[in-house]
Amino acid sequence: MDAKQIIASQNTINIERMRHPGEILARYKQGCAQYKELKNSRGNVREQLLMLYAEIKLLGWILGKSEQDVVKDANF
């Protein structure tokens, strides 16, 4: 791939639109519910819990929640 092809491919990347706060809040609540359900399940789900918690934490940060609030929402 030469420089022209790289520049052309970068120019064709679709930029996602910003999400509506309602969408972010809904995804946050859905993630918290999934985290609670997964935490109560049996089996080796540590990796899935870590990935889901990272997503919840990021969404909480976007919503302006402190880490303590995110932990409380995810666990209780």
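That block above? That's the structure.
Criteria and thresholds
Residues numbered from 1 in each chain as written. Predicted model: local features only at pLDDT ≥ 70, side-chain atom pairs only at ≥ 80, totals over all residues. Heavy atoms only, no water. Axes fitted to C-alpha atoms, helices over the stretch in contact; angles between N-to-C directions. Helix = DSSP H or I, 4+ residues; strand = E, 2+ residues; numbered from the N terminus. Parallel < 35°, antiparallel > 145°, perpendicular 65-115°, else oblique. Contact = heavy atoms within 4.5 Å. Nonpolar A, V, L, I, M, F, W, Y, C, P; charged D, E, K, R; others polar. Phe/Tyr/Trp six-rings, centres within 6.5 Å; stacked < 30°, edge-to-face > 60°. Left-handed = near helix turned anticlockwise from the far one by under 90°.

Enquirer: Outline the packing of helix α2 (residues 21-39) against helix α4 (residues 67-75), listing residues and values.
Expert: The N-to-C vectors of α2 and α4 enclose an angle of 55°; their axes lie 7 Å apart at closest approach. Classified by the angle between their axes, α2 and α4 sit oblique to one another. Contacts from Y28, C32, Y35, K36 and K39 of α2 reach α4 at D69, V70, D73, A74 and N75. Its residues placed into classes, the contact of α2 with α4 shows 5 nonpolar, 1 polar and 4 charged.

Enquirer: Pulling in residues and values, what's your account of the packing of aromatic side chains?
Expert: Inspection of every chain in the model, using the stated rule, returns 1 aromatic pair. Judged by centre distance (6.0 Å) and plane angle (50°), the rings of Y35 and Y53 are tilted. Taken together, the residues span a long stretch of sequence, with Y35 in helix α2 and Y53 in helix α3 (residues 46-63) at a distance of 18 residues.

Enquirer: Tell me about the packing of α3 against α4, and name the residues and values.
Expert: Close contact between α3 and α4 brings their axes to 10 Å; oriented N to C, the two are set at 130°. One finds that α3 runs oblique with respect to α4. In this structure, α3 crosses over α4, and the sense of that crossing is right-handed. Between α3 and α4, the contacting residues are Y53, I56, K57 and G60 on the first element and E67, V70 and V71 on the second. Considered class by class, the residues forming the contact of α3 with α4 number 4 nonpolar, 1 polar and 2 charged.

None of this, on its own, says anything about what the molecule does.
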